[in-house]
Amino acid sequence: MQITLNSVVQFHFVLKDADGSVLDSSTGKDAMVYLHGHDGLLPGLEKALEGKAAGDTFVVTLPPGEAFGERREDNEMRVPISQLRGAKKWEPGMQAVIQTQYGHQEVTILKLGHTMATVDINHPLAGKTLQFEVDVVDVREATSEELAHGHAHGPGGHHHH
Ligand code: ZN
């Protein structure tokens, strides 16, 4: 079957930047699984998957506007160091996760004081043109439970929450 609204899709991917450096990949790991048409993926990637079927492979290039957005200068914030998640000891340049009113956000540490850190809240991939090499592994219809939740529950019905 072809990928359409409410398909549950499994795919492997290799993510590269415009220079061809590999940024991320599902190779050797579980395939990505998502519910199509419910904003589970980057919009440009989801659009490229529309109509594809298991066994299809393709490459899609996403400009920043269809990926993680443009980088904004002065997109800085001061947060208590105690709220940084992801490591025990921090240094400038490291990436951390903070909890905001919009959920988890990846940030980059710019400066560290005694109790407060100055962080860049641009997404680490903001401003980058991204290239995804995609290998569609499986396409199936969503279960009623998945539709009620608005997300996929994994290949074996395992509940990821
Ligand atoms: Zn669920």
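Anything mentioned here points back to the structure above.
Residues numbered from 1 in each chain as written. Predicted model: local features only at pLDDT ≥ 70, side-chain atom pairs only at ≥ 80, totals over all residues. Heavy atoms only, no water.

**Student:** Explain unusual backbone geometry to me, please; I cannot follow it from the model alone.
**Tutor:** Backbone geometry follows two general trends: most residues other than glycine have a negative phi, and most peptide bonds adopt the trans configuration. One non-glycine residue, Asp39, lies in the positive phi region at around 55°. Within the secondary structure, Asp39 is located in the loop between strand 3 (32–35) and helix 1 (43–49). Positioned with a positive phi, Asp74 is a non-glycine residue whose angle comes to about 60°. Positionally, Asp74 belongs in the loop between strand 4 (57–62) and strand 5 (76–80). (Helix = DSSP H or I, 4+ residues; strand = E, 2+ residues; numbered from the N terminus.)

**Student:** How should I be thinking about the pattern of salt bridges in this particular structure?
**Tutor:** As a working rule, side chains carrying opposite charge can pair if their charged atoms are close by. Per the counting criterion, the structure on display carries 4 salt bridges. The partner of Glu133 in a salt bridge is Lys16, with the nearest N and O atoms 2.8 Å apart. Here Lys16 lies in strand 1 (residues 7–17) and Glu133 lies in strand 9 (residues 130–141), a separation of 117 residues in the sequence. (Salt bridge = Lys/Arg side-chain N within 4 Å of Asp/Glu carboxyl O.)

**Student:** What am I meant to see in the pairing of strand 7 (residues 103–112) here?
**Tutor:** For a regular strand, side chains alternate in direction, first toward one face of the sheet and then toward the other. In terms of strand pairing, strand 6 (residues 95–100) meets strand 7 through 6 bridges, oriented antiparallel. Paired with Ala96 across the two strands is Val107, which belongs to strand 7. Linking strand 6 back to strand 7 in an antiparallel pair, the connection comprises 2 residues. As paired elements, strand 7 and strand 8 (residues 116–120) share 4 bridges and run antiparallel to each other. If you follow Lys111 over to strand 8, its bridge partner there is Thr118. Count of turn residues in the strand 7/strand 8 antiparallel hairpin: 3 residues. (Pairing = 2+ DSSP bridges.)

On their own, these measurements won't tell you what the molecule is for.
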